[in-house]
Structures are given as structure tokens and as C-alpha cells.
Amino acid sequence: MKTRKIIAVLIFVIIGITTASAQHHSKHDQKSKPERFYKPGSEKFKTMKIAYITEKLDLSSSEAEKFWPIYNEYQTKKGVVFKELKTLKRATKDEKEVTDSEIETILNKRIEAQQKEVDLEKEYLIKFKSVITARKVNELYKAEESFKRELLRKMRDTPPPPAPEPPKPSAN
């Protein structure tokens, strides 16, 4: 329990440092855009997700040490398959410019990509169960879904940042 509190405190300190750093950079760099907290791939997003999952799974320090490298590898591979599926879905968006033969090929590739996704889930279920209990793996899947829902709620409730002001013309 004490280890869990220490991990939570460290994660919140990292979030604070990341936030302060992002604010500092956006104030001093006119071309930088402020980073939204929910931008997937951002450090703040990753830190929030790690904190959320760690809390929901109640990982011990030894479980966390073994779990996170596997989970990060899983997320990387899952991202590759997701991008592949997204590309294939976009390929048939304008059906009038795609032949029937091309559509059939794309549909078959989509099925193959979906199978890769299922195979990945099976592979990582085994890997996850080697370091945490099946109950915690189930909690992981539920935590991922609830994190997404919470993120969507925050996105809905948070107004977009104001547009950057255009540079003022110099008086030359």
C-alpha cells in the first residue's frame, strides 16, 4: 500500500513537471502550440494513463517493474495495427475512384489486419498473465476502457485552447 502511494506521488510529480515545462515552452516559443492533455502519444497523456492504470490495477512495485515493459511493447504493436486498419479504411472512403478489384483487395487486407489484432490480443494475454493475475488482466482491459471514457468526457467538457494571436507588424 505504501509503495502504491509512492508511485502515485511520483507520477503526479512527473505530471506537474511536464505541465510546467509545457507551459514554460509555450509562453517563450511563439511557434509552439500548447499541448492538449489528451493528445495520444504526448508525455502527459502517457503519464496520466500510467497513473490511471497503476491505480486501477493496484500493482505492487515488483508487478509494475515486470508489467510496464510488456504493456508498452503491446501498445506499440497495437498502434502499428491500428494505423494499418485506419489506412485501409480510408482507402475505400471514396469508392467512386476505386475499382471493384481494389476494394476486394483492401477488404481482404482489412480482415488480415483484424486477425493480426486478435493474434496480438492472444499473445499479450499470455504475456500479461505471466506477470499479473488473470483478475488484474481483466481489470486492465476495464481500466483502458474507462480511461478512454474519462478522456472523452474531459475532451467534451474542456474548451479548446484559444487560437494563437497573429504576430504584430513591426513599426519600421
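Participant: I tried to follow the overall build of the protein on my own but got confused; where do I start?
Facilitator: When you go through the protein residue by residue, the secondary structure sums to 5 helices and 0 strands. Reading the protein from its N end, one meets helices and strands in the order α-α-α-α-α. Buried positions account for 27% of the 172 residues belonging to the protein. Sequence separation of 24 or more characterises 70% of the internal contacts of the protein that already satisfy a separation of 6 or more. Counting every atom, the protein has about 12,900 Å² of accessible surface; 57% of that belongs to carbon and sulfur.

Participant: How do you make sense of the packing of helix H3 (residues 61-91) against helix H4 (residues 100-129) when you look at a structure like this?
Facilitator: Helix-helix packing is characterised by the crossing angle of the two axes and by the distance between the axes. H4 packs onto H3 with a crossing angle of 170° between their chain directions and a minimal axis gap of 9 Å. Put simply, H3 runs roughly antiparallel to H4. For the contact of H3 with H4, a count of residues per class yields 13 nonpolar, 1 polar and 12 charged.

Participant: Can you walk me through the packing of aromatic side chains in this structure?
Facilitator: Where two aromatic rings form a pair, the distance of their centres and the angle of their planes describe that pair. Going through the model one piece at a time under the given rule, you end up with 11 aromatic pairs. Note on Phe 67 and Trp 68: the rings are 4.9 Å apart at their centroids and 75° apart in plane angle, and the pair reads as edge-to-face. Side by side, Phe 67 and Trp 68 carry an identical accessibility label, which is buried. Both rings, one in Tyr 74 and one in Tyr 124, keep their centres 5.3 Å apart while their planes meet at 45°; by these two values the pair is tilted. You can see Tyr 74 sitting in helix H3 and its partner Tyr 124 sitting in helix H4, a full 50 residues away along the chain. A residue is classified by how much of its surface remains accessible, and Tyr 124, at 0% relative accessible area, is buried. Members of the aromatic cluster, each reached through a chain of ring pairs, are Phe 67, Trp 68, Tyr 71, Tyr 74, Tyr 124 and Phe 128.

Participant: Can you help me understand the pattern of salt bridges in this one?
Facilitator: A side chain of one charge can pair with a side chain of the opposite charge if their charged atoms are brought near each other. For the structure on display, the rule yields 10 salt bridges. With a shortest N-O distance of 3.3 Å, Lys 127 and Glu 123 are connected by a salt bridge. Of the two residues, Lys 127 and Glu 123 are both situated in helix H4; the distance of 4 residues between them amounts to about one turn of the helix. What makes Glu 123 partly exposed here is its relative accessible area of 32%. Note that Lys 148 is salt-bridged to Glu 145, the shortest N-O span being 3.3 Å. Taken together, the residues span about one helical turn, with Lys 148 and Glu 145 both in helix H5 (residues 134-157) at a distance of 3 residues. Connected through salt bridges with shared partners, the residues Glu 73, Lys 77, Glu 123 and Lys 127 form a single ionic network.

Participant: Just to check I follow, could you spell out a positive patch on the surface for this structure?
Facilitator: A contiguous patch of positive charge on the surface is contributed by Lys 83, Lys 86, Arg 90 and Lys 93. Relative to the helices and strands, Arg 90 resides in helix H3. Overall, the relative accessible area of 55% leaves Arg 90 in the exposed class.

Participant: Would you mind going over the nonpolar core with me for this structure?
Facilitator: Where a protein is soluble and globular, its nonpolar side chains tend to be buried together. Residues Ile 53, Leu 57, Phe 67, Tyr 71 and Phe 128 are the most contacted members of the largest nonpolar core, which totals 22 residues. Of all elements in the fold, only helix H2 (43-57), H3, H4 and H5 reach the threshold of two or more residues within this core. In terms of residue count, the dominant contributor to this core is H3 (6 residues). Judged by nonpolar contacts, the second largest core, of 7 residues, contains Val 81, Leu 88, Val 98 and Ala 113.

Participant: Can you help me understand the confidence of the model for the protein in this one?
Facilitator: Low pLDDT marks regions whose predicted coordinates should not be analysed in detail. Here the protein averages 80 in pLDDT, and 75% of its residues register 70 or above. Counted against residues more than four places away or in other chains, residues 16-35, with its pLDDT under 50, gives 9 contacts.

Participant: I keep staring at unusual backbone geometry and nothing clicks. Help me out?
Facilitator: Among all residues except glycine, the phi angle is most often negative; among peptide bonds, the trans geometry is most common. The phi dihedral of Asp 58 falls on the positive side, at around 50°, and the residue is not glycine. Structurally, Asp 58 is set in the loop between H2 and H3.

What counts and what doesn't
- Residues numbered from 1 in each chain as written.
- Predicted model: local features only at pLDDT ≥ 70, side-chain atom pairs only at ≥ 80, totals over all residues.
- Heavy atoms only, no water.
- Helix = DSSP H or I, 4+ residues; strand = E, 2+ residues; numbered from the N terminus.
- Buried < 20%, exposed > 50% of the residue type's maximum accessible area, 1.4 Å probe, protein only.
- Contact = heavy atoms within 4.5 Å.
- Areas by Shrake-Rupley, 256 points an atom, 1.4 Å probe, with all protein chains shown as cover.
- Axes fitted to C-alpha atoms, helices over the stretch in contact; angles between N-to-C directions.
- Parallel < 35°, antiparallel > 145°, perpendicular 65-115°, else oblique.
- Nonpolar A, V, L, I, M, F, W, Y, C, P; charged D, E, K, R; others polar.
- Phe/Tyr/Trp six-rings, centres within 6.5 Å; stacked < 30°, edge-to-face > 60°.
- Salt bridge = Lys/Arg side-chain N within 4 Å of Asp/Glu carboxyl O.
- Patch = residues over 30% accessible without salt bridge, like charges linked within 9 Å, V, L, I, M, F, W, Y side chains within 5 Å.
- Lys, Arg positive; Asp, Glu negative; His and termini not counted.
- Charge placed at Lys NZ, Arg CZ, Asp CG, Glu CD.
- Core = buried A, V, L, I, M, F, W, Y, C linked by side-chain atoms within 4.5 Å.
- pLDDT = per-residue confidence, 0-100.

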